[in-house]
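Geometric and topological summary
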Amino acid sequence: MRLVFAGTPEVAVPALDALLASDRHEVVAVVTRPDAPAGRGRKLVASPVAQRAEEAGIEVLKPVKPSDPEFIARLTELAPDCCPVVAYGALLRPGALEIPTHGWVNLHFSLLPAWRGAAPVQHAVLAGDEVTGASTFLIEQGLDSGPVYGVITEEIRPADTSGELLDRLAHSGARLLAATMDGIADGSLHAVPQPAEGITLAPKLTVEDARIDWAHPALRIDRVVRGCAPAPGAWTLFRGERLKVSGPVKLLADASALAPGELAVGKDSIRVGTGSHEIELGEVQPQGKKPMRAADWARGARIESGERFEDAARP
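Presented here is a report on the structure given in the accompanying data block. Counting restarts for each chain, with residues numbered from 1 along the sequence as it is written. Local features in this predicted model are restricted to residues of pLDDT 70 or higher, and side-chain atom pairs are both shown and tallied only at a pLDDT of 80 or more, whereas totals for entire chains, interfaces and linings draw on every residue. Water and hydrogen atoms play no part in the side-chain values, which are based on all heavy atoms of the structure.

Relative to the helices and strands, Gly-163 is located in helix 6 (residues 162-186). Residue burial is assigned from relative accessible area. The probe radius is 1.4 Å, only protein chains are included, and a residue is buried under 20% of its type maximum, exposed over 50%, and partly exposed in between. Residue class for Gly-163 comes out partly exposed when judged on its relative accessible area of 31%. Separated by 67 residues in the primary sequence, Gly-163 and Pro-230 have C-alpha atoms spaced 5.9 Å apart. Contacts are assigned to residue pairs that have any heavy atoms within 4.5 Å of one another. Contacts of Gly-163, omitting those with residues within four sequence positions, involve Ala-229 and Pro-230. Secondary structure elements are taken from DSSP: a helix is a run of H or I of four residues or more, a strand is a run of E of two residues or more, and numbering for both begins at the N terminus.

Take a look at the structure:
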């Protein structure tokens, strides 16, 4: 098939590579988000998908909106058989959806209908799911509601961060997307409607979602730290400034003798009280500084046992 691939961040690059490596399909162009400011100088930088496409000598389209008339006209000229999508980041309207013969087929990082939305991996970790996966489905106007072509499953390991889990899914999902294109091309694969039961939503995480409430149980705090890593990054307040808890944290066996948020400073460890068991901090990042071992942070800031993280409970 003639393919126009749509994607933007680094997580979409393995899927693009898999399709470029296929001898059954031709990627004739790539659609991605416009260049965005990055780094200290805030210079405009092309997306990871755009950079990979340029390396491969493929035409790159960067519409502000995929409903722009110039983009619609060019996509029509390209006449794709199918448009595979991975984390493109813009809403597709009927004018664009109707152009490819076999529609737009999205690789979504959950077992649909679970965790529809922008942050499925993060929400799976936050919820304590033991298994997740990836699905390929035909895009329609509803939120991740289209019929499903294929799925793969992936175990969520006890120490997984969202970043680690998403990296594994990006590679296994790339193989799924390539196989889906093969099945659509030879007619052996047909999309199946999603079940009406089991729908859960996964909206993008906000900075406030990543704020640690030390009155919560230790297991919940561990999930927040892992689920929000690397972004937006779990955090708390200490001495009036934001402190990122970049993990990992270690759950200790004994019930907490410390009040929620209270610190116990040892020579090589920092323990914190929670609503259940104490936890030991791994790595933290003070405001304006690089990540560091919690014990090094405590020494440098001259922290004493009995000090507390400020209450992060939501109103």
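Moving on, there is more to tell.
For helices, the axis comes from a line fit to the C-alpha atoms of the stretch in contact; other axes are also lines fit to C-alpha atoms, and the angle between any two N-to-C directions lies between 0 and 180 degrees. The interhelical angle for the contact between helix 1 (residues 13-21) and helix 6, taken along N-to-C directions, is 40°, at an axis separation of 8 Å. Here helix 1 lies oblique to helix 6, going by the angle between them. The hand of the helix 1/helix 6 crossing is right-handed. Of the residues in helix 6, those in contact with Pro-14, Ala-15, Ala-18 and Leu-19 of helix 1 are Ala-170, His-171, Ala-174, Leu-177, Ala-178 and Met-181. Across the contact of helix 1 with helix 6, the residue classes break down as 9 nonpolar, 1 polar and no charged. Small angles under 35 degrees read as roughly parallel and large ones over 145 as roughly antiparallel, with 65 to 115 read as roughly perpendicular and the rest as oblique. Crossing handedness follows the turn of the near helix against the far one: under a right angle anticlockwise gives a left-handed crossing, and clockwise gives a right-handed one. Think of it as three bins: nonpolar holds Ala, Val, Leu, Ile, Met, Phe, Trp, Tyr, Cys and Pro, charged holds Asp, Glu, Lys and Arg, and polar takes everything else, Gly as well.

Approximately 870 Å³ is the volume found for the largest pocket. The distinction between a cavity and a pocket rests on a 1 Å grid over the protein atoms alone: a 1.4 Å probe fits inside a cavity but cannot get out, while a pocket stays open yet meets protein on both sides within 12 Å along at least five of seven lines, and a residue with an atom within 4 Å of a point counts as lining. If you go around the largest pocket, you meet 27 residues; those closest to its centre are Ala-87, Tyr-88, Gly-89, Gly-117 and Ala-118. Those elements that place two or more of their residues in the lining of the largest pocket are strand 7 (104-108) and helix 5 (120-126). Grouping the amino acids of the lining of the largest pocket by side-chain chemistry returns 17 nonpolar, 8 polar and 2 charged. Grid points are joined across faces, edges and corners, and a volume is the space filled by probe spheres set on the points.

Let us look at the pattern of salt bridges. Here a salt bridge means any side-chain nitrogen of Lys or Arg lying within 4 Å of a carboxyl oxygen belonging to Asp or Glu. With the rule as written, the count across this model stands at 15 salt bridges. Among the salt bridges present, the one from Arg-74 reaches Glu-77, with a minimum N-O distance of 2.9 Å. Placement of the pair is Arg-74 and Glu-77 together in helix 3 (residues 69-78), with a separation of 3 residues, close to one helical turn. Glu-278 is the salt-bridge partner of Arg-271, the closest N and O atoms lying 2.5 Å from each other. The partly exposed category is assigned to Arg-271, whose relative accessible area is 30%.

Moving on to the environment of Ala-21. Turning to its location among the elements, Ala-21 is positioned in helix 1. For the pair Ala-21 and Met-181, spaced 160 residues apart in sequence, the C-alpha separation works out to 13 Å.

Glancing now at unusual backbone geometry. A cis amide bond links Ala-229 with the next residue in sequence, Pro-230, at an omega value of 10°. With respect to the element layout, Pro-230 can be found in the loop between helix 7 (218-227) and strand 10 (235-238). Look at the link from Ala-231 to Pro-232: it is a cis peptide, with omega at 5°. Counting through the fold element by element, Pro-232 comes out in the loop between helix 7 and strand 10.

Any two strands with at least two DSSP-identified bridges between them are counted as paired. If you walk across this open sheet you meet the 4 strands as 10-11-16-17, and the pairing is antiparallel. Each of the sheet's edge strands pairs with one partner strand only, and the pair in question is strand 10 and strand 17 (292-293).

With that settled, the discussion passes to the packing of aromatic side chains. Pairing of aromatic rings covers Phe, Tyr and Trp, the last counted by its six-membered ring, and requires centre-to-centre distances within 6.5 Å; plane angles under 30 degrees mean stacked, over 60 mean edge-to-face, and any other angle means tilted. This model, assessed by the stated rule, comprises 4 aromatic pairs. Seen in terms of ring centroids, Phe-238 and Trp-297 are 5.3 Å apart; in terms of plane orientation they differ by 70°. Their pairing is edge-to-face. Pair noted here: Phe-238 is in strand 10 and Trp-297 is in helix 8 (residues 294-301), with a separation of 59 residues, a long-range link. Of the two residues, Phe-238 and Trp-297, both sit in the buried class. Judged by centre distance (5.8 Å) and plane angle (75°), the ring pair of Phe-238 and Phe-309 falls under edge-to-face. Of this pair, Phe-238 sits in strand 10 while Phe-309 sits in the segment after helix 8, and the two are 71 residues apart along the sequence. For the residue pair Phe-238 and Phe-309, the accessibility class agrees, reading buried in each case. If you follow Arg-242 out to its NZ or CZ, it ends over the ring of Trp-235, 4.0 Å from the centre. Look at NZ for Lys and CZ for Arg. If either is within 6 Å of the ring centre and within 35 degrees of the ring normal, a charge sits over the ring.

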